[in-house]
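Residue strings, one per chain:
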Amino acid sequence: MSERAIVAENLLKRYGSVTALRDTSFEVTRGTITGFVGRNGAGKTTTLKILATLLRADDGTCTVANYDVRNAPYEVRRRIGFLPDVFELPSALTLREYLDIFAELYGIHRADRPKRVNTALQLTRSEDLASRRLHALSRGEQQRIGLARALIHNPDILLLDEPAAGLDPHARVELKELLRLLRERGKTVFLSSHVLADLEEICDDLVVIRNGNIIFSGSVAGFRLQMRAKTRWRVSTVTGQISVPPALSGQVVAAGPSSIEFEGDLSPLERARWISELVAHGIGVCEMSPQMTTLEQEFAKAIEEEEEEIA
Amino acid sequence: MSALLRYAVMKSMRDHLLAGLLLAPLVLASAPMLGMAVGSMFRGEPVYPFHVPDSSPQGTSDTFGVVAMIVSALVAGIGAFWIFRSEIASRAVHFFFLAHPPRAVSAASAIYGFVVGILAYSISRTAVTLMTGSPQPHAARDVAVAAVAIWIGSALGSLLVAISSEAAILVIAYAVVIVTTVQLLQSVTVVRMGIAILFAAALLQAAAIVLRRRCAS
C-alpha cells in the first residue's frame, strides 16, 4: 500500500470568474497529521471538498486512499470521514439515534451498530450528550458530534475543516489528544485550521496555501527551516546611538538606540564577521541572537513574502 | 435507503410534520360536512348521513373524495419537499452523499412523500365514506388514480426541493397536481396512467441530477 494517503496534482477550480485553486499540488503521508494553512478564501475548503468528492475540480487529478476522486468517488467516500466547517444537526433526534442512523447509512450491520456508536461517543468524549436532542448545543459540542459522525464507519482518512473553530481552550486540548490517538491508530488526518499554535503542536506536516497556490508542502520542521533561511537576528549593544557600518547596512531591517536587527541566513563565520565589523566601528556588542518566532509569525511572513514576489 | 427513510420518519414524528401531513386531507375534506352537520344539530334537525345542500350523500362522498385525493397528492408533494429541505438548504445533505448517492436522497424523499400521501388519503377517504355513509362505487379506480397522483406529487416535491429550498416554489406543485389529478379522473385509461407514471419517474430522475449539481457547486 502506498505511503501517500492523499495526492493532489495540478488542481484547478473556478467559481465563475474567480479562480479558487490554480495548479494546486501536494501530498499527505499515510498515518500523519497534516495541517492545511491559509487565510480565509485561500482555497482550503474548496480543496477539502474536492478531496471529499463533494466538489469536482475543473482540472487536475486527485487520489485519496489510492482511489481517484473523479473516477471512484464511492471507494473514496467509504474510506474518509469528513467534518465540514459549518453544518446543521437535526434538532429532533438524540445523538445516539443520529449516530445509529449514520452507522446504518454506511452499511454497518445492526448487531455491530451499538458498539460502533459507543466507540465514536467515547473517542469524542460525548457520552454525556448521547441521550440529548441535538438542539441548543454549544459550538464545541457540535464539533464533537460532527467528529463522532465522521468516525462512525472507522475511516482511514479524516478530512477536517477547521475542527478547532469555536472551541474553548479545554476542548482544543481534548481535540488535540483525540487527533494524536487517531494517529497512533494509523489514521491519516488532514485538517485545516487558523489556530497555528495548535497545528504546530500536533502536526507532522504542513501544507500552506495562498490564493489557491501551494506555497509550502512538507514537514513542520522543514517549514521552520525554510523560514529560518531569513531569520531575523538581533544584536544588543552597549553603545547609545548606533551608526551602522556601511558594509552591513544593506541587511539591516531596524536600528534602535541599543540594538540593531537584520535578516539573513548567517553561518557562525558570518556572524563572527558581523560582530568584528561592529566592534571595529566602536559598537560594543553584548549579545547576538536569533529572534524566535511562532509558527503563526512564520506563516504571516511566508504569506508576505509570497505577496511581495507576486508584486 | 432504509436508514434515510428511518431518519425521515423519526425526524417528522418528533417535529410533528408527519401528524400535520396525515391530518391535513382529513381536515380539509371533512370540515365542510362537519360544519353543516353541526349547523343542522343547532337547528334541531340532526342529519346522518352527512351531505351538502342540493346533493345526495353519494354525490357529497364523490365530491369530497376528489378533494381528499387532490389534497393528499399535495400533501405528498409537501412531505417530499419538506423532509430534507433544511439538510439541502444547509448542505448538511453532504453527509448523506458520503454514504449514498444523491439519487438515493431524492428517492427517499419521494418514497416518504408517497407513503405519507397514501396514508393521508386512506384516512381522509375513510372518514368521508363514514360521514356520508356512502361507500365508493369505483373504489379500485379511485385508489389507482390517487396512487398515481400522489406519486407525481411526491416526485415533484423531490424535484422542487432540489431546485430551491424556498417554500414559494411549492406553488408549482399545487398547479401540476391539480391539473394532473383532474386529467386522470376525466378518463382513467391504462395509457394515461402509464404516461403519468413515466412522467413521475422522469421528475425523480431530474430531481437526482439537479440535487447532485446543486450540491456540487
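Throughout this document, residue positions are counted from 1 along each chain, in the order its sequence is written. As a convention, the first chain written is A and the first ligand written is 1, with the rest following in written order. Restriction of local features to residues with pLDDT of at least 70 applies here, the model being predicted, together with a cutoff of 80 or more for giving and counting side-chain atom pairs; totals for whole chains, interfaces and linings are based on all residues. Heavy atoms throughout the structure, all of them, feed into the side-chain values; hydrogens and water do not.

Draft legend 1. Just the overall build of chain B, in detail. A tally of helices and strands in chain B yields nine helices and zero strands. The numbering of helices and of strands both runs from the N terminus, where a helix is a DSSP run of H or I of at least 4 residues and a strand a run of E of at least 2. Going from N to C terminus, chain B has its helices and strands arranged as α-α-α-α-α-α-α-α-α. We compute the radius of gyration over the C-alpha atoms and compare it with the globule rule, which gives 2.2 Å times the number of residues raised to the power 0.38. Its C-alpha radius of gyration of 19 Å places chain B within 12% of the 17 Å reference for a compact globule of 217 residues. In terms of overall dimensions, chain B has a C-alpha envelope of 65 × 40 × 30 Å along the principal axes. In chain B, once contacts between residues fewer than 6 apart in sequence are set aside, the share between residues at least 24 apart is 84%. A 1.4 Å probe and the Shrake-Rupley method give the accessible areas. Residues count as covered only by the protein chains that appear here. A total accessible area of about 9,300 Å² is found for chain B, and carbon and sulfur atoms account for 72% of it. Positive charges are assigned to Lys and Arg, negative charges to Asp and Glu, while His and the chain termini are left out of the count. The atoms used to mark charge sites are NZ of Lys, CZ of Arg, CG of Asp and CD of Glu. Computed over 13 positive and 7 negative side-chain charges, the inter-centroid distance for chain B is 17 Å. We call two residues in contact whenever any of their non-hydrogen atoms come within 4.5 Å of each other.

Draft legend 2. Representation of the packing of aromatic side chains in the model. The criterion for an aromatic pair is that two Phe, Tyr or Trp rings (for Trp, the six-membered ring) have centres within 6.5 Å, with stacked assigned to planes under 30 degrees apart, edge-to-face to planes over 60 apart and tilted to the rest. Enumeration according to the criterion identifies 14 aromatic pairs over all chains in this entry. Aromatic pair Phe102(A) and Phe95(B): ring centres 6.5 Å apart, planes at 75°, arrangement edge-to-face. A residue pair is termed interchain when its members come from two chains, as with Phe102(A) in helix H3 (residues 95-105) and Phe95(B) in helix H5 (residues 93-97). Each residue is placed in one exposure class: buried if its accessible area under a 1.4 Å probe, protein chains only, is under 20% of its type's maximum, exposed if it is over 50%, and partly exposed if it falls in between. Judged by its relative accessible area of 2%, Phe102(A) falls in the buried class.

Draft legend 3. A look at the interface of chain B and chain A. Opposite the 23 residues of chain B that make contact, chain A presents 26 residues. The contact between chain B and chain A buries some 2,200 Å² in all, and 65% of this surface belongs to carbon and sulfur atoms. Of all residues in chain B, Arg14(B), Phe95(B) and Leu98(B) give up the largest surface area on contact with chain A, accounting jointly for 34% of the area buried on that side. Here Arg6(B) makes a salt bridge to Asp100(A), at a shortest N to O gap of 2.7 Å. A 3.5 Å cut-off defines polar contacts: any pair of N or O atoms within that distance qualifies, except that in protein one atom must be a possible hydrogen donor and the other a possible acceptor, and neighbouring residues in sequence count only when both atoms are side-chain atoms. At the surface where chain B touches chain A, the tally comes to eight residue pairs in polar contact (both at pLDDT 80 or more). Those elements that provide at least two residues to the side of chain B that touches chain A are helix H1 (2-14) and H5 of chain B. With eight residues, the single largest contributor to the side of chain B that touches chain A is H1(B). Throughout, the ten residues Ala, Val, Leu, Ile, Met, Phe, Trp, Tyr, Cys and Pro are labelled nonpolar, Asp, Glu, Lys and Arg are labelled charged, and all others, Gly among them, are labelled polar. In the side of chain B that touches chain A, the residues fall into 13 nonpolar, six polar and four charged. By definition, the buried area sums, over both parts, the 1.4 Å-probe accessible area that each loses when the two are put together. In the sections that follow, a salt bridge refers to a side-chain nitrogen of Lys or Arg positioned within 4 Å of a carboxyl oxygen of Asp or Glu.

Draft legend 4. Geometry of the confidence of the model for chain B. Residues and elements named next belong to chain B. For chain B, the average pLDDT comes to 89, and 99% of its residues sit at 70 or higher. Each residue carries a pLDDT score, the predictor's own confidence in it, on a scale running from 0 to 100. Per-element mean pLDDT across chain B ranges from 86 in H5 up to 93 in helix H6 (residues 102-132). What the predictor reports for the complex is a pTM of 0.78 with an ipTM of 0.81.

Draft legend 5. Structural view of the packing of H3(A) against H1(B). Axis separation between H3(A) and H1(B) bottoms out at 8 Å; the angle between their running directions is 160°. With respect to their mutual orientation, H3(A) and H1(B) come out roughly antiparallel. Seen along the crossing, H3(A) lies across H1(B) with a hand that is left-handed. Across from Glu97(A), Asp100(A), Ile101(A), Glu104(A) and Leu105(A) in H3(A), the residues of H1(B) making contact are Ser2(B), Ala3(B), Leu4(B), Arg6(B), Tyr7(B), Met10(B) and Arg14(B). Simply put, an axis is a line fit to the C-alpha atoms, just over the touching stretch for a helix, and the angle between two N-to-C directions goes from 0 to 180 degrees. Angle categories: roughly parallel below 35 degrees, roughly antiparallel above 145, roughly perpendicular from 65 to 115, and oblique for all the rest. Should the near helix be turned anticlockwise from the far one by less than a right angle, the crossing is left-handed, and should it be turned clockwise, the crossing is right-handed.

Draft legend 6. Region of the structure containing the pattern of salt bridges. Under the definition given, this model contains 19 salt bridges over all chains. A salt bridge links Lys176(A) to Glu201(A); the shortest N-O distance between them is 3.2 Å. On the criterion of sequence distance, the pair formed by Lys176(A) in helix H6 (residues 169-184) and Glu201(A) in helix H7 (residues 196-202) is long-range, its members being 25 residues apart. We classify Lys176(A) as buried; its relative accessible area is 9%. Salt bridges here are not isolated pairs; linked through shared partners, they connect Asp100(A), Glu104(A), Arg113(A) and Arg6(B).

Draft legend 7. Broad picture of the environment of Thr45(A). Residue and element names in this part refer to chain A. Locating Thr45 in the fold gives a position in helix H1 (residues 44-51). Sequence separation of Thr45 and Leu160 is 115 residues, and the distance between their C-alpha atoms is 9.5 Å. Look past the residues within four positions of Thr45 in its chain and what remains in contact with it is Asp85 and Asp161. A polar contact is formed between the side chain of Thr45 and the side chain of Asp161, at a distance of 2.8 Å.

Draft legend 8. Representation of the sheet that holds strand E10 (residues 213-219) of chain A within the structure. Residues and elements named next belong to chain A. A pair of strands is considered paired only if DSSP assigns at least 2 bridges between the two. In space, the six strands of this open sheet follow the order E6-E7-E8-E3-E9-E10, with mixed pairing throughout. Two strands bound the open sheet, and with one partner strand each, they are strand E6 (80-83) and E10. Pairs of neighbouring strands in the sheet enclose a mean axial angle of 15°, with direction left out of account. As defined by bridge partners, strand E7 (residues 157-161) adjoins strand E8 (residues 188-192) across five bridges and the pair is classed as parallel. By the bridge assignment, Leu160 is partnered in E8 with Leu191. Contacts from H1 reach strand E3 (33-37), E6, E7, E8 and strand E9 (205-210) within the one sheet, and its direction differs from that of E7 by about 150°.

Draft legend 9. Summary view of the sheet that holds strand E1 (residues 4-15) of chain A. Residue and element names in this part refer to chain A. Taken together, the four strands give an open sheet; going across it, the order is E2-E1-E4-E5, and neighbouring strands pair in antiparallel fashion. Two strands close off the open sheet at either side, each with one partner strand: strand E2 (18-29) and strand E5 (67-68). Together, E1, E2 and strand E4 (59-64) form the strand contacts of H1, whose direction differs from that of E2 by roughly 60°.

Draft legend 10. Focus on the pairing of E4(A). Residues and elements named next belong to chain A. Examined bridge by bridge, E1 and E4 share five bridges and lie antiparallel to one another. Residue pairing in the sheet places Leu12 in a bridge with Asp59 of E4. Across two bridges, the pairing between E4 and E5 is antiparallel. Paired with Val64 across the strands is Tyr67, a residue of E5.

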